[in-house]
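The chain contents come next:
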Amino acid sequence: MLMGLAHPHGNVCVHEERAGDSVHPSESSIYRQGLACSACLWCGGRCLCDDAGVGITPLSSFASCDRCGVDANIGCAENKNVPQNATSVYNTMIAPLHTTTITGVLWWQGEASGAGCPQQQTNKTTATYYCMWQSMIQDWRSRWALHSNTIAELPFGFVQLEPTANPSVRWDETAHRISTPNVCLPCVFMAVALDYGDTVAGVHTRYKRPIAERLALSARGVAYSESVYFSGPVAAEVSTSSTDGTAIVTFNSSGVGGVDLRGPGGFSVCAVKNVALCYEWANDALFVDATATIGTSPLNNEVVLTLSPADRQKIASLGGVGLVRYEWAALPCNWPTLEDCAIYSIEGGLPAPPFMLAVSGAAAQPPPCIPPQQ
């Protein structure tokens with residue numbers, strides 16, 4: 001969906017379907033209005049209309065796998081509803097709008113795109129989506145800037161892949177840098193959706209509204225530079241204690257009041273001697289579970305991780321804790337219970353994104369950013 005571009009029938013208005021006490025617009029309700037559009041983005045557009053007075057134009061969500069304007073050799077996943085040959089979606093729905101000045105882009109899904117960029121398949125966690133995602137954003141920005149008055153660093157927002165999907169894709173969506181914006185993805189904003197798994201709809205969760213509200217909040221903070229808290233806690237540093245074998249995770253951007261620890265689970269650690277394997281290949285067998293408690297920082301932004309006696313001895317024999325992993329699972333956050341991850345912000349109740357973060361000096365560095373296409 002394109003931000004700052006008025007819909008021909010006025011500002012976005014969502015057709016709502018009620019399920020109990022919650023409102024969850026569905027894709028089917030949007031289709032009945034003649035638009036093959038993501039219901040989550042449609043709802044996010046309404047939030048922006050209501051809160052920021054922003055016009056939104058919906059486009060087919062099935063453009064989500066289409067980076068074909070960059071490389072015609074990269075195809076798209078089959079979808080029975082929309083033509084998916086190499087350039088059909090891009091050339092018919094995206095390219096004609098390059099001459100129109102827009103404020104930003106909202107993006108949903110795209111997990112079917114993990115079939116290109118074989119040069120990036122150097123390890124498990126540097127998946128193909130890593131290069132496609134960055135390259136597509138660069139390409140869209142360059143084309144809109146060239147053909148319109150759109151700014152070169154066009155704001156680009158996305159919903160991080162929710163449960164029932166490969167956790168590597170979520171990592172790729174942040175360029176292995178936990179959250180956005182970051183050095184590889186400047187002026188990119190996101191909504192975490194780990195805590196809205198759906199046993200019925202799977203990857204296309206029915207819980208559209210709360211995810212859409214998170215995305216709209218991020219758009220207001222990044223694209224419209226409003227003074228709103230939108231990120232949720234972001235892991236910044238891991239330190240260790242040589243005396244008791246604990247690890248301390250410090251979070252930045254934790255908001256007013258700091259971190260809300262809602263449960264002890266979701267964390268696991270890897271030993272120093274295995275850090276490279278853990279980071280590059282996400283080898284589950286090399287991780288052991290840790291129990292989280294809130295730390296003693298006056299900012300309330302630290303979580304202390306402890307191990308069982310047997311695991312503490314095992315990790316100590318391999319050099320101690322070298323890396324921490326959080327909610328790294330296809331079905332994280334006590335799925336399918338809603339809003340049940342371990343770490344949220346007290347302000348706004350926003351979840352922390354999943355991460356892998358090494359202690360200082362450990363042999364674990366994110367891959368380089370993808371250079372712009374020539």
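The rules behind each value
Residues numbered from 1 in each chain as written. Predicted model: local features only at pLDDT ≥ 70, side-chain atom pairs only at ≥ 80, totals over all residues. Heavy atoms only, no water. Salt bridge = Lys/Arg side-chain N within 4 Å of Asp/Glu carboxyl O. Helix = DSSP H or I, 4+ residues; strand = E, 2+ residues; numbered from the N terminus. Buried < 20%, exposed > 50% of the residue type's maximum accessible area, 1.4 Å probe, protein only. Core = buried A, V, L, I, M, F, W, Y, C linked by side-chain atoms within 4.5 Å. Contact = heavy atoms within 4.5 Å. Pairing = 2+ DSSP bridges. Axes fitted to C-alpha atoms, helices over the stretch in contact; angles between N-to-C directions. Phe/Tyr/Trp six-rings, centres within 6.5 Å; stacked < 30°, edge-to-face > 60°. Lys NZ or Arg CZ within 6 Å of the ring centre and 35° of its normal. Parallel < 35°, antiparallel > 145°, perpendicular 65-115°, else oblique. Left-handed = near helix turned anticlockwise from the far one by under 90°. Nonpolar A, V, L, I, M, F, W, Y, C, P; charged D, E, K, R; others polar.

## Topic: the pattern of salt bridges
Part 1: Following the criterion strictly, the structure yields six salt bridges and no others.
Part 2: A salt bridge links Arg-214 to Asp-195, with the nearest nitrogen and oxygen atoms 2.9 Å apart. Residue Arg-214 is located in helix α6 (residues 208-222), and its partner Asp-195 is located in the loop between β7 (188-191) and α6; the two are separated by 19 residues in the primary sequence. Considered together, Arg-214 and Asp-195 belong to a single accessibility category, that of buried residues.

## Brief notes about the nonpolar core
Part 1: Counting residues in hydrophobic clusters, the biggest one holds 72 residues, and the most contacted among them are Phe-267, Leu-305, Val-324 and Phe-355.
Part 2: The biggest single contributor to this core is helix α4 (residues 128-147), with nine residues.
Part 3: Those residues in contact with Leu-305 that sit more than four places away from it in its chain are Thr-246, Ala-247, Val-249, Phe-267, Val-269, Ala-290, Thr-291, Ala-292 and Val-324.
Part 4: If you look at the next biggest cluster of nonpolar residues, it comprises 21 residues, including Ala-193, Tyr-196, Tyr-207 and Leu-215.

## Thoughts on the environment of Ala-193
Part 1: Among the structural elements, Ala-193 can be located in the loop between β7 and α6.
Part 2: Take Ala-193: its relative accessible area is 0%, and that puts it in the buried class.
Part 3: Linking Ala-193 and Pro-210, residues 17 residues apart in sequence, is a C-alpha distance of 8.9 Å.

## So, the sheet that holds strand β16 (residues 355-358)
Part 1: Taking strand neighbours across the sheet as the criterion, the seven strands line up as β8-β9-β13-β12-β11-β14-β16 in an open arrangement whose pairing is antiparallel. Each end of this open sheet is capped by a strand with a single partner; those strands are β8 (234-240) and β16. Geometrically, the sheet is characterised by an average inter-axis angle of 30° between neighbouring strands, direction not taken into account.
Part 2: Examined bridge by bridge, strand β11 (residues 267-271) and strand β12 (residues 287-294) share four bridges and lie antiparallel to one another. When the bridges of β12 are listed, Phe-267 appears paired with Ala-290.
Part 3: Contacts between helix α8 (residues 309-317) and the sheet are confined to β11, β12 and β14 (321-326), with β12 contributing the most and set at about 115° to the helix.

## Description of the packing of aromatic side chains
Part 1: Across all of its chains, the model carries 14 aromatic pairs by this definition.
Part 2: Ring centres of Trp-140 and Trp-144 lie 5.8 Å apart, and the angle between their planes is 50°; on these two criteria the pair is classed as tilted. Highlighted residues: Trp-140 and Trp-144, both in helix α4, separated by four residues, approximately one helical turn.
Part 3: Members of the aromatic cluster, connected to one another through ring pairs, are Trp-107, Tyr-129, Trp-133, Trp-140, Trp-144, Phe-156 and Phe-158.
Part 4: For Arg-262, the ring lying beneath its charged end belongs to Tyr-344, and the centroid distance is 3.6 Å.
Part 5: We note Arg-325 situated over the ring of Phe-287; from NZ or CZ to the ring centre the distance is 3.7 Å.

## Points about the packing of helix α2 (residues 39-52) against α6
Part 1: For the pair α2 and α6, the least separation of the axes is 8 Å and the interaxial angle reads 50°. Overall, the two elements α2 and α6 adopt an arrangement that is oblique. Handedness of the α2/α6 crossing: right-handed. Where α2 abuts α6, its residues Ala-39, Cys-40, Leu-41, Cys-43, Gly-44, Cys-47, Leu-48, Asp-51 and Ala-52 lie against Lys-208, Arg-209, Ile-211, Ala-212, Glu-213, Leu-215, Ala-216, Ala-219 and Arg-220.
Part 2: For the contact of α2 with α6, a count of residues per class yields twelve nonpolar, one polar and five charged.

## Comments concerning unusual backbone geometry
Part 1: In this structure, the amide linkage connecting Thr-180 to the following residue, Pro-181, adopts the cis form with an omega of 0°.
Part 2: Here Pro-181 lies in the loop between α5 (167-173) and β7.
Part 3: We note that His-176 has phi near 60°; this positive angle belongs to a residue other than glycine.
Part 4: Considering the arrangement of structural elements, one finds His-176 in the loop between α5 and β7.

## Things to note about the side chain of Ser-179
Part 1: Within the fold, Ser-179 resides in the loop between α5 and β7.
Part 2: Residues in contact with Ser-179, not counting those within four places in the same chain, are Thr-174, Met-190, Val-234 and Pro-353.

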